[in-house]
Amino acid sequence: MVVNSMLFCGSSHVLHAESYSVSLTGIKDTIITDCRKSDAWKILILDPFTTKLLSSCCKMSDLMSEKITIVEDLYKNREPVPEMKAIYFMSPTAKCVDAFIADFKPKPKYKAAYVYFTDYCPDELFDNMKRSCSTYIRVCKEINISFMPQEAQVFTCDNPGAFQSIYSPNSQDKKKTLETLADQLVTLCATLDENPGVRYKKDSNMLNAQTLAELVDNKLAQHYQLDENGKKTGKTQAQLLIVERGFDPVSPILHELTYQAMDQLFLLNLTLFTHTHNMLYGTIYQTNGSEKQALLNEDDMLWVKLRHKHIAEVSQQIRQLVKEMATNKKQTDGKITISNLAQMMKKMPSFRKQVTQKTVHLQLAEDCMQDFSKHVEKLCKAEQDLAVGSDVEGVKVKDPMRTLLPVLLHSYSSTHDKIRAVLLYIFSLSGTTDENLSKLIQHVKIEKEQEYILNWKELGVPIITSVRPSFFSRKITRRDRSQDQTYNLSRWTPVIKDVMEDAVENKLDTREWPYQSECPAAWNGSGVVSARQKHKASAQDERRTGSRLIVFILGGISHSEMRCAYEVTQAVKSCEVIIGSSHILTPIGLLNDIKALSKGPMETFTIEERSNA
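Structural notes, computed from the coordinates. This is a predicted model, so every value here is computed, not measured.

### A short note on the overall build of the protein chain
Scanning the protein chain for helices and strands turns up 22 helices and 14 strands. Expressed as a percentage of its 613 residues, the buried residues of the protein chain come to 54%. In the protein chain, once contacts between residues fewer than 6 apart in sequence are set aside, the share between residues at least 24 apart is 81%. Carbon together with sulfur atoms contributes 48% to the accessible area of the protein chain, which is approximately 27,600 Å² in total.

### Focus: the packing of helix α14 (residues 400-409) against helix α16 (residues 434-444)
It is at 10 Å that the axes of α14 and α16 come closest, and there the two elements cross at 25 degrees. Classified by the angle their axes make, α14 and α16 are roughly parallel. For the element pair α14 and α16, the recorded crossing hand is left-handed. Listed contacts from α16 to Met401, Leu404, Leu405, Leu408 and Leu409 of α14 are Asn436, Leu440, His443 and Val444.

### Side note on the side chain of His310
When you line up the elements, His310 lands in the loop between α10 (301-306) and α11 (311-328). Since its relative accessible area comes to 11%, His310 is described here as buried. Once residues lying within four places of it in the same chain are set aside, the contact partners of His310 are Leu257, Thr258, Tyr487 and Ser490.

### What about the nonpolar core?
Nonpolar side chains tend toward joint burial in soluble globular proteins. Counting residues in each nonpolar core, the largest one holds 86 residues, and the members touching the most others are Leu212, Ile242, Ile453, Trp456 and Phe552. Per element, the largest residue contribution to this core is nine residues, and it comes from helix α15 (residues 415-429). Setting aside chain neighbours within four positions, we find Ile453 in contact with Ile419, Val422, Leu423, Ile426, Leu437, Ile441, Ile446 and Ile463. Counting 24 residues, the second largest nonpolar core, distinct from the first, contains Leu241, Val499, Met500 and Ile584.

### Notes on the sheet that holds strand β5 (residues 137-142)
The five strands are arranged β2-β1-β3-β4-β5 in an open sheet whose pairing can be described as parallel. Each edge of the open sheet carries a strand with a single partner, namely β2 (68-73) and β5. Each neighbouring strand pair of the sheet contributes to a mean axis angle of 20 degrees, computed without reference to strand direction. Bridge analysis of strand β1 (residues 42-46) against β2 gives five bridges, and the strand direction is parallel. Of the residues in β2, the one forming a bridge with Ile45 is Glu72. Where helix α2 (residues 48-55) meets the sheet, it contacts β1 and β3 (81-90), and its direction lies at approximately 115 degrees from that of β1.

### Looking at the packing of aromatic side chains
Each aromatic ring pair is summarised here by two numbers: the centre-to-centre distance and the angle between the ring planes. On inspection of all chains with the given rule, the structure shows 11 aromatic pairs. Centre to centre, the rings of Phe155 and Phe552 are 6.2 Å apart; their planes meet at 25 degrees, and the pair counts as stacked. Linking Phe155 in strand β7 (residues 154-156) with Phe552 in strand β13 (residues 547-554), this pair joins segments that are 397 residues apart in sequence. Here the two residues Phe155 and Phe552 agree in accessibility, since each one is buried. Taking 5.2 Å as the distance between ring centres and 70 degrees as the angle between the ring planes, the aromatic pair formed by Phe427 and Trp456 counts as edge-to-face.

### A word on the sheet that holds strand β6 (residues 148-151)
Pairing is mixed across the open sheet formed by six strands, whose spatial order is β6-β7-β14-β13-β9-β8. The open sheet has two edge strands, β6 and β8 (197-200), and neither has a second partner. Adjacent strand axes in the sheet meet at a mean angle of 25 degrees when their direction is disregarded. Note that β8 and strand β9 (residues 238-244) share four bridges and pair parallel. Note on β9: the bridge partner recorded for Arg199 is Leu241. On the sheet, helix α7 (residues 174-191) packs against β7 and β13 and is oriented at approximately 160 degrees with respect to β13.

### A word on the pairing of β6
Across three bridges, the pairing between β6 and β7 is antiparallel. In the sheet register, Glu151 faces β7, and the bridge partner there is Val154. Counting the residues that bridge the hairpin from β6 to β7 gives two residues.

### Observations regarding the pattern of salt bridges
The full count for this structure, using the stated rule, is 27 salt bridges. In this structure, the salt-bridge partner of Asp103 is Lys109, at a minimum N-O distance of 3.6 Å.

### Brief notes about the packing of helix α4 (residues 94-102) against helix α5 (residues 123-133)
Running from N to C, α4 and α5 cross one another at 5 degrees; their axes reach a closest spacing of 10 Å. If you check the angle between α4 and α5, you find them roughly parallel. Every residue of α5 that contacts α4 at Ala94, Val97, Asp98, Phe100 and Ile101 is listed here: Leu125, Asn128, Met129, Ser132 and Cys133. Its residues assigned to classes, the contact of α4 with α5 shows seven nonpolar, two polar and one charged.

### Section: the environment of Cys575
By the secondary structure assignment, Cys575 is in strand β14 (residues 575-581). Along the chain, Cys575 and Arg548 lie 27 residues apart, while their C-alpha atoms are 5.3 Å from each other.

### Some remarks on the state of the cysteines
Enumeration over the complete set of coordinates arrives at zero disulfides. Just so you know, Cys96 is unpaired, no disulfide at all, and the nearest cysteine sulfur is the one on Cys121, 10.0 Å from it. Assessed through its relative accessible area of 0%, Cys96 is described here as buried.

### A word on the environment of Glu501
Along the polypeptide, Glu501 turns up in helix α18 (residues 495-504). Note on Glu501: relative accessible area 16%, which makes it buried. Sequence separation between Glu501 and Cys564 is 63 residues; the distance between their C-alpha atoms is 9.8 Å. In this structure Glu501 touches Arg479, Arg481 and Val568, once residues within four positions along its chain are discounted.

### Some points on α5
Taken residue by residue, α5 has Leu125, Met129 and Cys133 as its buried positions. For α5, the angular spread of buried residues about the axis comes to 40 degrees, placing them on one side. Structural note: α5 exposes Glu124 and Arg131 on the side pointing more than 90 degrees away from its buried face. Among the structural elements, α4, β4 (110-117) and β5 are those in contact with the buried residues of α5.

### Observations regarding the pairing of β1
For β1, a buried count of five out of five residues is recorded, marking the element as mostly surrounded by other parts of the structure. Side chains Lys42, Leu44 and Leu46 of β1 all project onto a buried face; the interleaved residues Ile43 and Ile45 project onto the opposite face, where all are buried too. Examined bridge by bridge, β1 and β3 share five bridges and lie parallel to one another. What sits directly across from Ile45, in β3, is Tyr88.

Criteria and cut-off values
- Residues numbered from 1 in each chain as written.
- Predicted model: local features only at pLDDT ≥ 70, side-chain atom pairs only at ≥ 80, totals over all residues.
- Heavy atoms only, no water.
- Helix = DSSP H or I, 4+ residues; strand = E, 2+ residues; numbered from the N terminus.
- Buried < 20%, exposed > 50% of the residue type's maximum accessible area, 1.4 Å probe, protein only.
- Contact = heavy atoms within 4.5 Å.
- Areas by Shrake-Rupley, 256 points an atom, 1.4 Å probe, with all protein chains shown as cover.
- Axes fitted to C-alpha atoms, helices over the stretch in contact; angles between N-to-C directions.
- Parallel < 35°, antiparallel > 145°, perpendicular 65-115°, else oblique.
- Left-handed = near helix turned anticlockwise from the far one by under 90°.
- Core = buried A, V, L, I, M, F, W, Y, C linked by side-chain atoms within 4.5 Å.
- Pairing = 2+ DSSP bridges.
- Phe/Tyr/Trp six-rings, centres within 6.5 Å; stacked < 30°, edge-to-face > 60°.
- Salt bridge = Lys/Arg side-chain N within 4 Å of Asp/Glu carboxyl O.
- Nonpolar A, V, L, I, M, F, W, Y, C, P; charged D, E, K, R; others polar.
- Disulfide = S-S within 2.5 Å.
- Arc of directions from axis to C-beta.

This is how it looks when you write it as structure tokens:
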């Protein structure tokens, strides 16, 4: 099987330019360098996780230039090629090692094996390999990159199943899952060349964040003790904050009206669309009978520029860009439409490449806006009022039930939309009475599926209270953003942004955010430079040499929370904020995960098995 070159789409998702180079350098300094020692063509064999990882930082043409002729799937049957050497880039799991051994017993499929693990390989697995096929192993190395870069400042552990493993009361592998996440966070820190101080959000009812913080801190200490370079003798200018998903249940439930979030919502509903490892591919629409395909990643600078902007701005900005291009080419003809652009492209082939990219975004943005106008707009005002606690004019919501009822009564609201509105109502009150909840469930007509609501308790979110709830009782201390310029239907600010800003300014309460390990005394995320620190000329240089804040949310991150990392970094400039989780959430996907929490005992899956499912 030769992997389609579309899979290796370029250096699209990696943490910051500096972090990207570190990740890619780690692969180049090991796998690619070893390849260059021989002029012979080789076969590259990957598991599902390393396929995604490599595709985030390599093109197929890059591999071909290093004399890698074929990319194969570790788990699939392959024809023997005994005259060729094989490179194995895989995760250190029993399933991967067993598949590797099967390639050389009883008869070898390849002339020799160059083995590279994403992470530390347990002694038991290593010994098994050595006993079974040491004759054929020429190289065996650990690269320490077992996280998945998603965007410039976003990463995941590529493990959506971690949500069930951690929060299901029937889970049988919570400890193993937390261990795996800790290992992946350590490789992230190692890739970023950081040994951060570790803190967690204290919660008397939920101990997962504390447990993960302990695991990460211990594993970081072990990692740097065994570090062959021996450069890290103490903590670096970085903090790692770990928080549970239940800390902010509102953000992942709200309709997010940025281009990126609406793209995902719209595109995933299309029958011809393919969503592959968080890189967006697929047939999006037809223009004049021709199919258009979009690849939305870090290589598309227009996508990077627009993705975190409100959808209302996007169409206007794209139209302006296209109009400017058309003016420059003296091809403008009044109103910019898809049809006009198609005619321009036919007349000027040299103009086609420039216009195609903007045409894709223009059509996509217009489709999102049309979908928004149909029904989402009507829901958002009620959602924002419930989440923020006041209306557009700043008037406090005194009776949240009056805000909720129109959503429940109108036909434009889908069942999922109604469930989300009910949840926002309950969150606004920090829980409701059993009697009131029963009435709400009957309104939404989910008597047989009430787990969508009840199972939030497994995340430590109060759902049922024994006393009459008060709308004002749920208010936690939030930053005053009354002077911020926002859209009426996007007034909510994720709680994690407050946390990021407080951390950067060194204002986090140590009683609520205890240290698992102390940060260095010189930690100064706000950029107020001490006498021992030097000023840098550019903001980018400041981020590279200054502090770094890493935020990890157990149980998934929303697009709005991802956006916060960029906003705080841009505002502070001297501190780079990176955010990550087990996976990226969609509202409906989260609801389905919540509902599934009450299912019976689950099987234990490895990352590779989840990817194959």
